[in-house]
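Architecture at a glance
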Amino acid sequence: MKKNLIWMLAVIQRRAIRPLMLVMAFCGAMSLASCSNSSINKDNPTPEPTPGLKELEEWQAGAIVSQEAVDAFGIESCFMAGFIPDNVWQRMQGKTYKENPYIGRGDLYHVKVLHWDYDEQIHIGEMICSHEIASRVVRIMRRLYDAHYPIQRMVLPDVYDADDETQMRDNNSSCFCYRPISGTTKLSKHARGLAVDINTLYNPYYKDREDGTRYVQPATAVEYCDRTQSFPYKIDHDDLCYKLFIEEGFEWGGDWTTCKDYQHFELKD
């Protein structure tokens, strides 16, 4: 009789617990679903794309990017030099690059950098230069970036069909372009990728002729030949850009005597 009573109580207990367990499981599932839906809809919405990250991934020179995009992409990936990508090389053909027996693709590097301007925004820049100076240019540009040094524009001259006058009027900074020295048939150091021009409109080239006239390039920069005046982007001996290029073994065209080329830094022979 006692054994039968214990067995009956056990059966009753099992039958009571089983529905309770089902109820608890159902409530738990509902609670989990509720939390999941809440986190999707409210607490963890689908993140918006970081503004400017796509431009960095595709390296769209001239684009403006956010600090968040730079952080996401990685600052070290924003200051690099390497072999010229195929798409960039194709853009150069017949423009900054022309078939010649002196300079080939393997002699040149593609430089990727960021730079600031007076708008206090971060701009994507790119440059083609000789592999001999690529690491120096990257170091200089990184230090200029860290100092918020203003550079207005740094896109390849191919954007301007390699027309030097046009790109200088646009205050573009660049390096390689297979061309002679202005007014001569002698190859420029730009043709070898060994000279860098910075903020070209405000730091013009000029030469005083024997007849008393002055040749200025770009032609729209006559007023900036007067270096006693104060104006934006001006390079002089107190300028950080000047100091960094000199430290890296370049000479400045602003120190030349037969002509002045205030935008121009070239590697010393």
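In what follows, the structure referred to is the one given above.
What counts as what
- Residues numbered from 1 in each chain as written.
- Predicted model: local features only at pLDDT ≥ 70, side-chain atom pairs only at ≥ 80, totals over all residues.
- Heavy atoms only, no water.
- Helix = DSSP H or I, 4+ residues; strand = E, 2+ residues; numbered from the N terminus.
- Buried < 20%, exposed > 50% of the residue type's maximum accessible area, 1.4 Å probe, protein only.
- Areas by Shrake-Rupley, 256 points an atom, 1.4 Å probe, with all protein chains shown as cover.
- Pairing = 2+ DSSP bridges.
- Salt bridge = Lys/Arg side-chain N within 4 Å of Asp/Glu carboxyl O.
- 1 Å grid on protein atoms, 1.4 Å probe; cavity = no way out; pocket = protein on both sides within 12 Å on 5 of 7 lines; lining within 4 Å.
- Points joined across faces, edges and corners; volume = space filled by probe spheres on them.
- Nonpolar A, V, L, I, M, F, W, Y, C, P; charged D, E, K, R; others polar.
- Expected span 1.5 Å × (residues − 1).
- Contact = heavy atoms within 4.5 Å.

**Overview of the overall build of the chain**
For the chain, the count of helices and strands is seven helices and 10 strands. Classification of the 269 residues of the chain by burial places 43% in the buried group. Working note: accessible area of the chain is about 15,300 Å², and carbon and sulfur atoms make up 55% of it.

**A few points about the pairing of strand β6 (residues 205–208)**
As paired strands, β6 and strand β7 (residues 214–217) are joined by four bridges and run antiparallel to one another. Within β7, the position partnered with K207 by the bridge is Y215. Linkage of β6 to β7, two consecutive antiparallel strands, is achieved through a turn of five residues, within which G212 is found at a positive phi near 90°. With two bridges joining them, β6 and strand β9 (residues 260–261) adopt antiparallel strand pairing. Bridge assignment links Y205 to a residue of β9, and that residue is D261.

**A look at the pattern of salt bridges**
Pairing between side chains becomes possible if they bear opposite charge and their charged atoms approach one another. Using the criterion set out here, one finds 13 salt bridges in the structure. When the shortest N-O distance is used, the salt bridge between K189 and E266 registers 3.5 Å. One end of the pair, K189, is in the loop between α6 (164–169) and β5 (195–197); the other, E266, is in strand β10 (residues 264–267), with 77 residues separating them in the sequence. When sorted by exposure, K189 lands in the same class as E266, which is buried. The residue R214 makes a salt bridge to D208 at a minimum N-O spacing of 2.6 Å. Taking the relative accessible area as the measure of exposure, R214 reaches 41% and is therefore partly exposed. Overall, the relative accessible area of 44% leaves D208 in the partly exposed class. Overlapping salt bridges bring together E76, R142 and D146 as one network.

**Observations concerning empty space enclosed by the protein**
Taken as a whole, this structure holds one cavity of 30 Å³ or more when the rule is applied. Size it by volume and the largest cavity reaches roughly 30 Å³. Broken down by class, the residue content of the lining of the largest cavity amounts to three nonpolar, three polar and three charged.

**Topic: helix α5 (residues 134–146)**
Over its 13 residues, α5 runs 18 Å from end to end, which matches the ideal 18 Å to within 8%, given 1.5 Å per residue. H148 sits one or two positions beyond α5 and adopts a positive phi of about 60°.

**So, helix α7 (residues 240–247)**
Of the positions making up α7, those classed as buried are C241, Y242, L244 and F245. Looking at the buried positions of α7, the neighbouring elements they touch are α5, β5, β8 (250–252) and β10.

**Details of unusual backbone geometry**
The omega torsion of the bond from Q217 to P218 falls at 0°, within 30 degrees of zero and hence cis. Within the element layout of this structure, P218 appears in the loop between β7 and α7. Residue H148 is not a glycine yet carries a positive backbone phi of 60°. Among the residues examined, H148 registers a relative accessible area of 35% and is labelled partly exposed. The backbone of D161 sits at a positive phi, close to 55°, despite the residue not being glycine. Its place among the elements puts D161 in the loop between α5 and α6. Of the residues examined, D161 reaches a relative accessible area of 54% and is grouped as exposed.

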